[in-house]
Amino acid sequence: MSTSKKVVVIGGTGLVGSRAVTILRNAGHDVVVASSRNGINAFTGEGLEAALSGTDAVIDVSNIVSYDEPIIRNFFATATRNLTAAERSAGVRHHVVLSIVGTSELSGNPYVSGKQAQEDAVQASGQDYTIVRATQFYEFMETLAEAYSADGAVDVPDILFQPIAADDVAAALVSIALGKPHNGIVDLAGPDRAGFGELMRTYLAAKGDKRSVGVDPTLGYFGAPVTATSLVPTGAFMQGQTALADWLRQQNHASQVEKA
């Protein structure tokens, strides 16, 4: 008896989505890569009925690039309502959505406010679901360094930080999607918890970046005020396997191979 399942990945061409697609395909599952490029658009509803026919689970890692809070909230809420309604009609067993650790505390950030609207829409949908709140990705640390950089130095908030590899996020999403719905929230974080400044120094040093790193207790997180634990799980959580130091070695090795 086949254990292969059909899984639709919304945003399946992105950083995490493409990794989830690869994991699922390597395990022999039937995967639909859902994006507007191939006629499947959760925001407009285009192509959802056909894509979801016979589907066991949906992994939603859709994204929007905008700094306008009403646009972000409308995108996530509308797409989620369309998705979950179509899933219920198609008899989809499990809706899994990727969100952010600390969503409830960081509503002053426009993007996080949008993710809260997405979570609210999922929870109100009547569809069986799991919300996976992940910490910041290692792959996002360069963006963070630039965002907090000024005058040749990087000053970050004086808070705890526990980033995770995108590969580990994808693996967790797949594992959860193939299991039973939690109808609740699962936190996901990397194995290294330390001060934001300490981990940023480790990152920059490995990249050969000579900028000094300081911590500033007056700084927030992209418009949102923070406390010491705003960006890390405060209770039980799933832990990724890849330590920052190991990920950095992998990146350096890949860069050297590319140059060779």
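This write-up is about the structure you can find in this document. (Residues numbered from 1 in each chain as written. Predicted model: local features only at pLDDT ≥ 70, side-chain atom pairs only at ≥ 80, totals over all residues. Heavy atoms only, no water.)

1. Looking at the overall build of the protein
- Looking only at helices and strands, the protein features eight helices and twelve strands.
- Here the protein has a C-alpha radius of gyration of 19 Å; the compact-globule value for 260 residues is 18 Å, and the two agree.
- Projecting the C-alpha coordinates of the protein onto the three principal axes gives extents of approximately 55 × 45 × 35 Å.
- Counting all 260 residues of the protein, 50% fall into the buried class.
- Carbon and sulfur atoms provide 50% of the accessible area of the protein, an area that totals close to 11900 Å².
- Positive and negative side-chain charges in the protein, numbering 19 and 27 respectively, have mean positions lying 5 Å apart. (Helix = DSSP H or I, 4+ residues; strand = E, 2+ residues; numbered from the N terminus. Rg over C-alpha atoms; globule rule 2.2 N^0.38 Å. Buried < 20%, exposed > 50% of the residue type's maximum accessible area, 1.4 Å probe, protein only. Areas by Shrake-Rupley, 256 points an atom, 1.4 Å probe, with all protein chains shown as cover. Lys, Arg positive; Asp, Glu negative; His and termini not counted. Charge placed at Lys NZ, Arg CZ, Asp CG, Glu CD.)

2. Looking at helix α3 (residues 69-90)
- The first and last C-alpha atoms of α3 sit 31 Å apart over 22 residues, in line with the 32 Å expected at 1.5 Å per residue.
- Those residues of α3 that fall on the buried side of the exposure criterion are Ile-72, Phe-75, Phe-76, Ala-77, Thr-78, Ala-79, Thr-80, Leu-83, Thr-84, Ala-86 and Glu-87.
- Structurally, α3 contributes buried residues whose contacts are with β1 (6-10), α2 (48-52), β3 (57-60), β4 (94-100) and α4 (110-123).
- Downstream of α3 by a residue or two, Gly-91 has a phi angle that is positive, lying close to 75°. (Expected span 1.5 Å × (residues − 1). Contact = heavy atoms within 4.5 Å.)

3. Examining the packing of aromatic side chains
- Counting across every chain of the model gives eight aromatic pairs.
- Ring centres of Phe-43 and Phe-75 lie 5.8 Å apart, and the angle between their planes is 25°; on these two criteria the pair is classed as stacked. Separated by 32 residues along the polypeptide, Phe-43 in the loop between β2 (30-34) and α2 and Phe-75 in helix α3 bring together distant segments of the chain.
- Overall, Phe-75 belongs to the buried group, its relative accessible area being 15%.
- Where Phe-76 meets Tyr-111, the ring centres are 5.7 Å apart and the plane angle is 80°; that geometry is what we call edge-to-face. (Phe/Tyr/Trp six-rings, centres within 6.5 Å; stacked < 30°, edge-to-face > 60°.)

4. Notes on the pattern of salt bridges
- In total, this model carries six salt bridges according to the counting rule given.
- For Arg-211, the salt bridge identified is with Glu-146, shortest N-O distance 3.0 Å. Separated by 65 residues along the polypeptide, Arg-211 in the loop between α7 (196-206) and β11 (212-216) and Glu-146 in helix α5 (residues 141-147) bring together distant segments of the chain.
- With relative accessibility at 18%, the residue Arg-211 sits in the buried group.
- Since its relative accessible area comes to 43%, Glu-146 is described here as partly exposed.
- Linking Asp-246 and Arg-249 is a salt bridge whose minimum nitrogen-to-oxygen distance equals 2.2 Å. One end of the pair is Asp-246 and the other is Arg-249, both in helix α8 (residues 244-259) and three residues apart, which spans about a single turn. (Salt bridge = Lys/Arg side-chain N within 4 Å of Asp/Glu carboxyl O.)

5. Topic: the sheet that holds β1
- Pairing is parallel across the open sheet formed by seven strands, whose spatial order is β2-β1-β3-β4-β5-β9-β12. Of all the strands in the sheet, the pair left with one neighbour each is β2 and β12 (238-239).
- As defined by bridge partners, β3 adjoins β4 across four bridges and the pair is classed as parallel. Following the sheet pairing, Asp-60 is matched in β4 by Val-97.
- In this fold helix α1 (residues 15-26) packs onto β1, β2, β3 and β4, with an angle of close to 165° to the strand it touches most, β2.
- On top of the sheet, α4 reaches β3, β4, β5 (129-134) and β9 (185-189); it is set at about 160° to β4, its chief contact. (Pairing = 2+ DSSP bridges. Axes fitted to C-alpha atoms, helices over the stretch in contact; angles between N-to-C directions.)

6. Structural notes on α4
- Helix length check: α4, at 14 residues, gives a terminal C-alpha distance of 20 Å against a target of 20 Å (1.5 Å per residue), a fit within 8%.
- Burial runs high along α4: ten of the 14 residues are buried.
- Along α4, the residues that are buried comprise Val-112, Ser-113, Gly-114, Lys-115, Gln-116, Ala-117, Gln-118, Glu-119, Ala-121 and Val-122.
- In this structure, the buried residues of α4 make contact with β3, α3, β4, β5 and β9.

7. Observations concerning unusual backbone geometry
- At Asp-151, a residue that is not glycine, the phi angle is positive and equals roughly 55°.
- With respect to the element layout, Asp-151 can be found in the loop between β6 (149-150) and β7 (153-157).
- One non-glycine residue, Asn-183, lies in positive phi territory at about 50°.
- Relative to the elements of secondary structure, Asn-183 occurs in the loop between α6 (166-177) and β9.

Bear in mind that shape data such as this cannot, by itself, settle questions of function.
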